[in-house]
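Here is how the chains run, residue by residue.
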Amino acid sequence: MDIFVWKKFYEKIIHDFGYGIKGDILSSEVLEKMIEIYKNNVASNEISKKIAGKDAYIFGAGPSLKKHVMEFKKLNDNIEKVVITADGATKALLEENIIPDIIVSDLDGDMEYILKSNLFGSIVVVHAHGDNIDRLEKYVNNLKNIFGTTQVPKKFKNLSNYGGFTDGDRCCFLAEEFGAKQMILCGMDFGIYVTKYSRPNIEKDVEIADSIKVKKLKYAETLVNWLKENGKTPIRFMG
Ligand SMILES: Nc1ncnc2c1ncn2[C@@H]1O[C@H](COP(=O)(O)OP(=O)(O)OP(=O)(O)O)[C@@H](O)[C@H]1O
Ligand SMILES: Nc1nc2c(c(=O)[nH]1)N=C(CO)CN2
Ligand SMILES: [Mg+2]
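Thresholds applied
- Residues numbered from 1 in each chain as written.
- Chains lettered and ligands numbered in written order.
- Predicted model: local features only at pLDDT ≥ 70, side-chain atom pairs only at ≥ 80, totals over all residues.
- Heavy atoms only, no water.
- Helix = DSSP H or I, 4+ residues; strand = E, 2+ residues; numbered from the N terminus.
- Rg over C-alpha atoms; globule rule 2.2 N^0.38 Å.
- Buried < 20%, exposed > 50% of the residue type's maximum accessible area, 1.4 Å probe, protein only.
- Contact = heavy atoms within 4.5 Å.
- Areas by Shrake-Rupley, 256 points an atom, 1.4 Å probe, with all protein chains shown as cover.
- UniProt positions renumbered as here; feature names shortened; annotations may be inferred.
- Donors = N, O, S within 2.8 Å, 3.2 Å for Na, K, Ca; no water.
- Phe/Tyr/Trp six-rings, centres within 6.5 Å; stacked < 30°, edge-to-face > 60°.
- Near = heavy atom within 4 Å.
- Polar contact = N/O pair within 3.5 Å; in protein donor to acceptor, adjacent residues only side chain to side chain.
- Pairing = 2+ DSSP bridges.
- Right-handed = clockwise from strand over helix to strand, strands pointing away.
- Expected span 1.5 Å × (residues − 1).
- Arc of directions from axis to C-beta.

Description of the overall build of the protein
Per the secondary structure count, the protein includes nine helices and 10 strands. The C-alpha radius of gyration of the protein comes to 16 Å, within 12% of the 18 Å expected for a compact globule of 239 residues. Seen through its principal axes, the protein has C-alpha atoms that stretch 45 × 35 × 35 Å. Within the protein, the proportion of its 239 residues that are buried is 53%. In the protein, the proportion of contacts linking residues at least 24 apart, taken out of those at least 6 apart, comes to 66%. Only carbon and sulfur atoms are counted for the fraction: they give 52% of the accessible area of the protein, which is about 11400 Å².

In structure tokens:
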């Protein structure tokens, strides 16, 4: 997404959620510094090699996730694919012995499966924002092959901004940026329900989301719809 178009979305989002741009900038600076120190990042051409020209299967943590993982497993064609998971959705793929090529995360969820998947080779696209500085400090030096992103519409030496807000819609903006042939969205239900993959501490498998999560999902849907209308990569839903 053009940075000026993203700036308009971003200003609305931070106003709507009461986030401060200062926190987002500080967090981005922290991630930049860590990448400089640990040098554990990959260059953008590594992302390009994984995505360009392929069918991008993008997995979010909605109620249809497990069903769509099983459908994905049954695919039997020779089409080149890239598996991109949003944060908590990573666990559902590992449960089926599928290692995602790329994980997009702000590191705010259950890290066990992201760390495990990264050990098996997944690139982790780590997002900096004002509410995850502690998570960056705790986990970035334990990861290899990371790619840093920011939501601040401003240039950073080691961070990229392709637009997008939640981990799920940012997967889509990444696939668009790096020239996927098409995107197939799995577990990207949006709506008002969350799963244990998104919120590990809920009692039932699926529960009604809290109001902030519902609002985040609404933005995720709006951004994916924007991309569908304005992007070059076709987007469809699994099933
Ligand atoms: N019904 C849904 N419930 C949860 N995630 C969904 C749903 N539909 C789509 N998604 C996408 O799946 C992604 C992964 O979910 P997860 O809750 O692990 O991520 P998250 O963005 O870190 O959420 P949060 O910021 O609220 O912690 C979300 O970012 C969202 O874009
Ligand atoms: N400042 C801030 N930015 C975000 C946040 C958040 O909680 N705080 N959550 C996001 C994805 O869910 C994306 N961006
Ligand atoms: Mg997250």
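A few points about the UniProt feature "domain: 6-hydroxymethylpterin diphosphokinase MptE-like" (unreviewed entry) in the protein
Cross-referencing UniProt, the feature "domain: 6-hydroxymethylpterin diphosphokinase MptE-like" (unreviewed entry) maps to residues 37-192 in the present numbering. In residues 37-192, helix accounts for 33% and strand for 21%; the two terminal C-alpha atoms are 40 Å from one another.

Quick notes on the coordination of the magnesium ion (ligand 3)
Within the protein, the atoms that donate to the magnesium ion (ligand 3) are Asp87 (OD), Asp106 (OD), Asp108 (OD) and Asp167 (OD), at distances of 1.9 to 2.2 Å. Judged by its relative accessible area of 43%, Asp108 falls in the partly exposed class.

Overview of the packing of aromatic side chains
One pass over the full model with this rule turns up 12 aromatic pairs. Note on Phe17 and Tyr219: the rings are 5.7 Å apart at their centroids and 50° apart in plane angle, and the pair reads as tilted. Placement of the pair is Phe17 in helix H1 (residues 3-17) and Tyr219 in helix H9 (residues 211-230), with a sequence separation of 202 residues. There is no split in this pair, since Phe17 and Tyr219 are both buried.

Observations regarding unusual backbone geometry
Phi angles above zero are rare outside glycine, and Asn97 is one such case at about 60°. One can find Asn97 in the loop between helix H5 (90-94) and strand E3 (102-105). Residue Asn97 is classed as exposed on the basis of its relative accessible area, which comes to 70%. Look at Asn145: it is not a glycine, yet its phi comes out positive at around 50°.

Points about the site of ligand 2
Taken together, Tyr19, Asp24, Asp106, His129, Gly130, Asp131, Gln151, Phe165, Thr166 and Lys216 form the complete shell of residues around ligand 2. Gln151 is positioned such that a nitrogen or oxygen atom in its side chain is 2.9 Å from a nitrogen atom of ligand 2. Between ligand 2 and the protein, one listed contact pairs an oxygen atom with a side-chain N or O atom of Lys216 at 3.0 Å. Within the complex, the protein chains bury 92% of what would otherwise be the 340 Å² of accessible surface of ligand 2.

Focus: the pairing of strand E1 (residues 55-59)
A regular strand carries its side chains on alternate faces of the sheet. With five of five residues buried, E1 is to be regarded as a mostly interior element. Burial along E1 is two-sided: Asp55, Tyr57 and Phe59 and Ala56 and Ile58, pointing in opposite directions, are all buried. Pairing of E1 with strand E2 (residues 81-86) involves five bridges; the strand directions are parallel. Counted as the bridge partner of Ala56 is Val82 from E2. Running through helix H4 (residues 65-74), the crossover from E1 to the neighbouring parallel element E2 is right-handed. Two elements, E1 and strand E7 (residues 182-186), share five bridges in a ladder whose sense is parallel. The partner of Tyr57 across the bridge, within E7, is Ile184.

A look at H1
When the terminal C-alpha atoms of H1 are compared, their 20 Å separation across 15 residues agrees well with the 21 Å that a helix rising 1.5 Å per residue should span. All buried positions along H1 are accounted for by Trp6, Phe9, Tyr10, Ile13, Ile14 and Phe17. In an axial view of H1, the angular spread of the buried residues amounts to 130°, which keeps them on one side of the axis. Those residues of H1 that are exposed and angled more than 90 degrees off the buried face are Phe4, Lys8, Lys12 and His15. Those residues of H1 hidden inside the fold are in contact with helix H2 (21-38) and H9. Capping the start of H1 is the job of one residue whose side-chain oxygen sits 2.9 Å from the backbone nitrogen of Phe4: Asp2. Directly after H1, the chain includes Gly18, whose backbone phi takes a positive value near 70°.

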